[in-house]
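Report on the structure
Residues per chain are reported as follows:
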Amino acid sequence: MANKAFNATRGDKVFNIFNILAMTMVLIVTLYPFLNVLAISFNDSTDTVRGGIYLWPREFTLENYKTIFQYEGLLTGLKISILRTLIGTFLGLLSSSMIAYTLSRPDFKIRKFVSVSLALTMYFSGGLIPTYILMRDLSLIGTFWIYIFPLMISAFNVFVIRSFMDGLPYALQESAKLDGANDFTIYYKIILPLCKPVLATIALFLAVGQWNQWIDTYIYNNNKPHLTTLQYELMKVLQSTQQGSSAGRNANDMAQQMAQISPESIKMAITIVATVPILLVYPFLQKYFVGGMTLGAVKA
């Protein structure tokens, strides 16, 4: 018995060591690219051209970030991006979860038809021109809501949430109905609390999608400075840096700027500015990623 206990303990130690080494390697592989980008963004651009920047800057400077934040419209873009991320995530999560709840109900007679109709949107689309005409006819072009309404419903998100809801005991809804609860009460007080893990995951998908979106600004609101987004402004900064020209600056200012920065440095600084805000959202959602679907709801 002692030998068996000793062997088991030794096996546990070997497994723990292997697990720690494996997780350390995964951490290095995933964290190193971000640290490298961060180091280059804080490094002097003329020194960056030489290469050899790995985990920390060789010649620390803030000029790369100063150059970015000197561009007009960046603060406006940051405000609009935050607003569209918050509003778009909330409305997208609400609408997708309500549709998923309806499709998960076995007493919804046309749920197969609605499901097939939603699935078709994942494989077929009208294209850019019909979409633009539709947005124009709906009077959404040139408004803030062009960022919200077209992205509210995603068939993929609906099906993910519905699959999660299908795993919940239908007896919970039946017992709630016997107690006099209506559909909205069941959805709000029973279904949503049990769906926190999947809702947190979809919320993260929606938030990242809204935050990184810039093509809709380019297509629909490129002549509306008060409705610009951060990603669109950063794209313009990078483009102007690479081309060596910028609107609203004379040739002497641009020549002085290009002597201090390089497209590589600006690219890395832009990556940090665009990535860090959305990374701050993850810790608030992480606690919901792991949890039982019906924890505390049904007792054996």
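What comes next is a walk through the structure. The structure displayed is predicted, hence computed values, not measured ones.

As for the side chain of serine 104
Looking at the secondary structure, you find serine 104 in helix H4 (residues 74-104). Among residues more than four places away in sequence, those in contact with serine 104 are Arg111, Arg162, Met165 and Asp166.

Notes on the nonpolar core
Ile161, Met165, Ile191, Cys195, Val198 and Leu199 are the most contacted members of the largest nonpolar core, which totals 24 residues. Those elements that provide at least two residues to this core are H4, helix H7 (155-166), helix H8 (170-178), helix H9 (183-194) and helix H10 (196-212). Among all residues touching isoleucine 191, those that are not within four sequence positions of it are Tyr101, Met165, Leu168, Gln173 and Ile186.

Some thoughts on the packing of aromatic side chains
Per the counting criterion, the structure on display carries 9 aromatic pairs. Ring geometry for phenylalanine 42 and phenylalanine 60: centres 5.4 Å apart, planes at 15 degrees, overall stacked. With phenylalanine 42 in the loop between helix H1 (2-41) and helix H2 (45-48) and phenylalanine 60 in the loop between H2 and helix H3 (63-69), this pair connects stretches of sequence that are 18 residues apart. Of the residues examined, phenylalanine 60 reaches a relative accessible area of 57% and is grouped as exposed. Since its relative accessible area comes to 22%, phenylalanine 42 is described here as partly exposed.

Basis of the calculations
- Position numbers for residues count from 1 along each chain, tracking the sequence in the order it is written.
- Per-residue local features of the predicted model are confined to residues with pLDDT of at least 70, and side-chain atom pairs are confined, for both listing and counting, to 80 or more; whole-chain, interface and lining totals are unaffected and use all residues.
- Hydrogens and water are ignored here; the side-chain numbers use all heavy atoms of the structure.
- Counting from the N terminus, the helices are the DSSP runs of H or I reaching at least four residues and the strands are the DSSP runs of E reaching at least two.
- Pairs of residues are marked as contacts when any of their non-hydrogen atoms sit within 4.5 Å.
- Among the buried residues, those of types Ala, Val, Leu, Ile, Met, Phe, Trp, Tyr and Cys that are joined through side-chain atoms within 4.5 Å form a nonpolar core.
- Here the term buried applies to any residue with accessible area under 20% of the maximum for its type, exposed to any over 50%, and partly exposed to those in between, with areas from a 1.4 Å probe on protein chains only.
- In summary, the pairing rule links any two rings of Phe, Tyr or Trp, Trp by its six-membered ring, whose centres are within 6.5 Å, and it sorts them by plane angle into stacked for under 30 degrees, edge-to-face for over 60 and tilted for everything else.

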